Amino acid sequence: MFETLDPLPPDPILGVSAAFRRDTSPLKVDLGVGVYRDESGNTPVPAAVREAERLLIGAQTSKSYVGPAGNVDFNERIIDLALGPLAQALADRTATIQTVGGCGALRLGAELLKVSRPEAVVHVSDPTWANHEPLIGSSGLRLQRYPYFDAARRDLAFEAMLEYCGRLPAGAVLLLHACCHNPTGADPTAEQWQAIAEVVERRGLVPFVDLAYQGFGDDLETDVAGLRALAQRVPELLVAVSCSKNFGLYRERTGALAVISSDATARAAVATHQARLARRMYSMPPDHGAAVAARVLGNAALRQAWQEEVATMVARMKSLRALLAARLAARLPGHDFGWLTRQRGMFSLLGLAEADIARLRDQHHVYVPPDGRMNVAGISDANVDYVADAVAALLA
Ligand SMILES: Cc1ncc(COP(=O)(O)O)c(C=O)c1O
C-alpha cells in the first residue's frame, strides 16, 4: 500500500522550527513559528488559565462524552466575547460548535459551505496564512486570491481589494482576518472595515472571518470591531475562533465555529449539519481547553486577571515593534521602518527575497519561513541588536 507514496516537502512553517532545532549555533533566533513568547523565550500558560485548570481538575467527576457540539457553555461564552452585545441580538440566528482549534473551525466551516453550496468560491487574501488554502481547499471548494497587501508601500492594497470585492457575484465567500493579519500585520482601519461591510452587504457576499488573535492587536474589543460591523449588516456570516494565542491553549486545540444564518429555521438546520460534519470527521472535540476557557470567561476575577495578561502580551509586542524599528533605523538612516509600528499582532513581512531569507538562516542563524514572515514576539532585549544587525545587512 504505502510504498506508492513519495515523501512530501516539509510544512513551510513547521519545517522552519525543525531546522531551528537542528541548528547548534548559540546565536540562533527563532522568528518562525507563530507562538507568543515572553522575554525569556517561553510561551507561557496565563496564570488565570492555570488557576482555571486547577479548579476544573478539582471539580471534575466524570470524563464521559460531551457530544459533537462540545461544551455548550464555552460555545456561548466564546461567541459572546467575539460579538459582544450583538451575540444576544443574533442568538436565534447563530449556531456555534466547539472545534479542534481554529484550524478545525476553518475546516468545518469549509465543509459546511461545501454541503450548502458546492460550487461556492472562497476568496482569500493575497498573501494569507500558509495553512488557509490547504485547510479550506481540502474540502473541495475552489479558492481564489484577492489583492490585499501592497508590498512596496508595506500597507493594505485597500482600493484594489474593494474594487475586487465590488465585482464578486452574490454568494461568493470572502475569507477575512478579523485582526492581526497573518502574515502581513496590516489590518483595515475602522473606516475601511465599514467600507468592506458595505460592499459585502451590497454584493451579497458571505464573510468567513478568521478570529485567531482577538486581543493581540490593540485590545479584546477594538480587535473585533470589523467582525461586529459585518455581523450587524449581513444576513449570513461564519466566524472561526481560536483560543490558541489569547488563552495560551495552543496544544489543547480549542476553538469554535459560529455560523450566523438568515433566520432561526436555517440556524436549526446549520446546527444539525455542524454536528454531523464533526461526527463524521472526528466525532467530538477534546474537552479540556474549552472547559478551561469557559471557566476563565465565566468567573469575574479570573476573567479580569486574564484580560490583564492579554494586555501585557500585546503591550510587549508593541514595544518590541518599536524597539526593532528604532534599532533598524539607527543602522539604516533614511529607511522608513514606520510600518513595523503601524502593523498589528505578532507578524510582519520582512520584505526580503527568498535568497536573503536563506542567507538570514544560513549565515546569521535567524529563522523565518520562506515568505519572510517574522514573529515579532521572538525578539527580546537580549537578541534585538543581533537581529537588527542581520536584517539591516540584508536590507542595506
Ligand atoms: C490566521 C490563523 N488562523 C487560524 C489559526 C489556527 O490556530 P489553532 O488551530 O491553533 O487554533 C492560526 C494559527 O496559527 C492562524 O495564524
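Owing to the predicted nature of the structure, the values given are computational and were not obtained by experimental measurement.

A. View of helix H2 (residues 47-59). With 13 residues, H2 should cover 18 Å at 1.5 Å per step; its first-to-last C-alpha distance of 19 Å lies within 8% of that length. All buried positions along H2 are accounted for by Ala 48, Val 49, Ala 52, Glu 53 and Leu 56. For H2, the arc enclosing every buried residue in end-on projection is 140°, short of the 170-degree limit, so these residues lie on one face. Looking at H2, the residues exposed on the side facing more than 90 degrees away from the buried face are Arg 50, Arg 54, Ile 57 and Gly 58.

B. Main features of the layout of surface pockets. Estimates place the volume of the largest pocket at around 570 Å³. Around the largest pocket, the lining comprises 28 residues; the ones closest to its centre are Gly 34, Cys 103, Trp 129, Asn 131 and Lys 245. Broken down by element, the residue count for the lining of the largest pocket peaks at 3 residues, all from helix H5 (residues 101-116). When its residues are assigned to classes, the lining of the largest pocket shows 14 nonpolar, 8 polar and 6 charged.

C. Spotlight on the pairing of strand E9 (residues 237-242). With 6 of its 6 residues buried, E9 lies for the most part within the structure. Judged by which residues are buried, E9 turns out to be covered on both faces: Leu 237, Val 239 and Val 241 on one side and Leu 238, Ala 240 and Ser 242 on the other are all buried. Relative to E9, strand E8 (residues 206-211) runs parallel, the two being bridged by 4 bridges. Across the sheet, Asp 210 pairs through a bridge with Ala 240, a residue of E9. Of the crossover connections in this fold, the one passing from E8 over helix H9 (residues 225-233) to the parallel E9 is right-handed. Where E9 lies against strand E10 (residues 254-260), 6 bridges are found, and the strand directions are antiparallel.

D. Broad picture of the site of the ligand. Looking at the ligand, there are 13 residues lining it, with Gly 102, Asp 210, Tyr 213, Ser 242 and Arg 253 nearest. One of the backbone nitrogen or oxygen atoms of Gly 102 is found 2.6 Å away from an oxygen atom of the ligand. Between the ligand and Ser 244 there is a distance of 2.7 Å, counted from an oxygen atom to a side-chain nitrogen or oxygen. Protein chains bury 92% of the 400 Å² of accessible surface belonging to the ligand in isolation. Of the pockets mapped on this structure, the ligand occupies the largest pocket.

Quick notes on the rules
- Position numbers for residues start from 1 in each chain and track the written sequence from start to end.
- Residues qualify for local features only when their pLDDT is at least 70, as the model is predicted, and side-chain atom pairs are given and counted only at 80 or more; totals for whole chains, interfaces and linings, by contrast, use all residues.
- Derived side-chain values reflect all non-hydrogen atoms in the structure, with water molecules and hydrogen atoms excluded from consideration.
- The numbering of helices and of strands both runs from the N terminus, where a helix is a DSSP run of H or I of at least 4 residues and a strand a run of E of at least 2.
- In this scheme, a helix's expected span is set at 1.5 Å multiplied by one less than its residue total.
- Summary of the burial criterion: residues with accessible area below 20% of their type's maximum are buried, those above 50% are exposed, and those between are partly exposed, where the area comes from a 1.4 Å probe applied to protein chains only.
- The arc refers to the directions leading from the helix axis to the C-beta atoms.
- Of the grid points, spaced at 1 Å and generated over the protein atoms alone, those admitting a 1.4 Å probe that cannot get out make up cavities, while open sets with protein on both sides within 12 Å along at least five of seven lines make up pockets; any residue with an atom within 4 Å of a point is treated as lining.
- Grid points are joined across faces, edges and corners, and a volume is the space filled by probe spheres set on the points.
- As a working rule, the residues Ala, Val, Leu, Ile, Met, Phe, Trp, Tyr, Cys and Pro are called nonpolar, Asp, Glu, Lys and Arg charged, and the rest polar, with Gly in that last group.
- Any two strands with at least two DSSP bridges between them are considered paired.
- We call a crossover right-handed when, viewed with the strands running away from us, the connection from the first strand over the helix to the second turns clockwise.
- Any residue with a non-hydrogen atom lying within 4 Å of a molecule or strand is treated as near it.
- Under this definition, polar contacts are N or O atom pairs within 3.5 Å; protein pairs additionally need one hydrogen-donor-capable and one acceptor-capable atom, and for neighbouring residues in sequence, both atoms have to be side-chain atoms.
- Note that accessible areas follow from Shrake-Rupley with a 1.4 Å probe, and for residues the cover is restricted to the protein chains shown.
- Occupancy of a cavity or pocket is assigned to a molecule whenever over half of its atoms lie within 2 Å of that pocket's grid points.

By themselves, these are just geometric observations and shouldn't be taken as functional.
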